[in-house]
Amino acid sequence: MNMKELPKAERPYEKLELFGEKNLSNAELLAIIIKSGTKEETSVQVAQKILKLNNNYGDDSLNFLRDLSLQDLMEIKGIGKVKAIQLKAICELAIRMIKPSNYLETKITKQSDIAKMCIEEFKTEKKEIARVYFLNVKNIIMNILDIAVGGTNYVNVSIKDIVAQAVKLRASKIIFVHNHPSGISLPSKADIDFTDKLFNAVKMFNIDLLDHIIVSKKEYTSVFSYLQEKIAKIENTTKNSK
């Protein structure tokens, strides 16, 4: 059936106009970007073929689109170079909409505030990224900088660079964040050692390290809370053994 032969309420353009974008399926939203299908298939059917390329994410996730190349998209009948470029452009716009700069001047009240900002952005990252949030005395974000980008299971961070930026910005506090693409947010010994060194380094300049947060695809771990829990367990074990 040709798209024009469908009832208006079932055509993506008209459906969005009548009922709003939230009432459209992923395929219908993609169909609006694709605009037209082929002689054999509607734009919605072509969009459904794109969605079938999702092999590594959840059924409703569209994050796989950012991993597709122009060539991957162009292998689908009905997707030429122009449409493939348009789809990639839309993906990049979506990524930029959740960039950290959107959170400048946000007040931080707890670790989860930072974690929520990062989880969505980092969950599709395949490399480790080290990020620093610079805060003023009222816990309001002054600046956000990605200090380093590493490999799939490492990132080399210069404590000297972090201190220099904090002093330059006249930050009163900082929060250090990095991601674990593996999906496990528990800190390694190297993460704990780094936290200790960074804490002492910024303290020399009267700057407080409020936390080191490790985020994965769906969760996060506060290194400070993790260490406090370990200390509490050791103290309880010591008390019980007496």
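Use the structure listed above.
Student: I tried to follow the packing of aromatic side chains on my own but got confused; where do I start?
Tutor: Counted according to the given criterion, the structure contains 2 aromatic pairs. Where Phe-176 meets Phe-194, the ring centres are 4.9 Å apart and the plane angle is 45 degrees; that geometry is what we call tilted. Here Phe-176, found in strand β3 (residues 173-179), pairs with Phe-194, found in helix α8 (residues 189-203); they are 18 residues apart in sequence, far enough to count as distant. Exposure remark for Phe-176: the relative accessible area of 2% places this residue in the buried category. Aromatic pair Phe-199 and Phe-224: ring centres 6.4 Å apart, planes at 65 degrees, arrangement edge-to-face. With Phe-199 in helix α8 and Phe-224 in helix α9 (residues 223-241), the pair connects residues that are 25 residues apart, well separated along the chain. You can call Phe-199 partly exposed: its relative accessible area is 34%.

Student: Which parts of the structure should I look at to understand the environment of Val-137?
Tutor: In this structure, Val-137 sits in the loop between β1 (129-135) and β2 (141-149). For Val-137, a relative accessible area of 59% corresponds to the exposed category. Separated by 57 residues in the primary sequence, Val-137 and Gly-80 have C-alpha atoms spaced 53 Å apart. Setting aside residues up to four positions removed in sequence, Val-137 forms contacts with Ser-172 and Lys-173.

Student: Please clarify how the side chain of Thr-195 should be interpreted in this entry.
Tutor: Following the sequence through the fold, Thr-195 ends up in helix α8. When near neighbours in sequence (up to four residues on either side) are disregarded, Thr-195 contacts Leu-209, His-212, Val-223 and Phe-224.

Student: Please clarify how unusual backbone geometry should be interpreted in this entry.
Tutor: For residues other than glycine, phi is negative in most cases, and the peptide bonds are mostly trans. Its identity is not glycine, yet Asn-139 carries a phi of approximately 65 degrees, on the positive side. Assignment of secondary structure puts Asn-139 in the loop between β1 and β2. Asn-139 gets classed as buried once you look at its relative accessible area, which sits at 18%. Non-glycine residue Asn-206 carries a positive phi angle of around 60 degrees. Position of Asn-206 among the secondary structure elements: in the loop between α8 and β4 (208-215). Judged by its relative accessible area of 69%, Asn-206 falls in the exposed class.

Parameters at a glance
- Residues numbered from 1 in each chain as written.
- Predicted model: local features only at pLDDT ≥ 70, side-chain atom pairs only at ≥ 80, totals over all residues.
- Heavy atoms only, no water.
- Phe/Tyr/Trp six-rings, centres within 6.5 Å; stacked < 30°, edge-to-face > 60°.
- Helix = DSSP H or I, 4+ residues; strand = E, 2+ residues; numbered from the N terminus.
- Buried < 20%, exposed > 50% of the residue type's maximum accessible area, 1.4 Å probe, protein only.
- Contact = heavy atoms within 4.5 Å.

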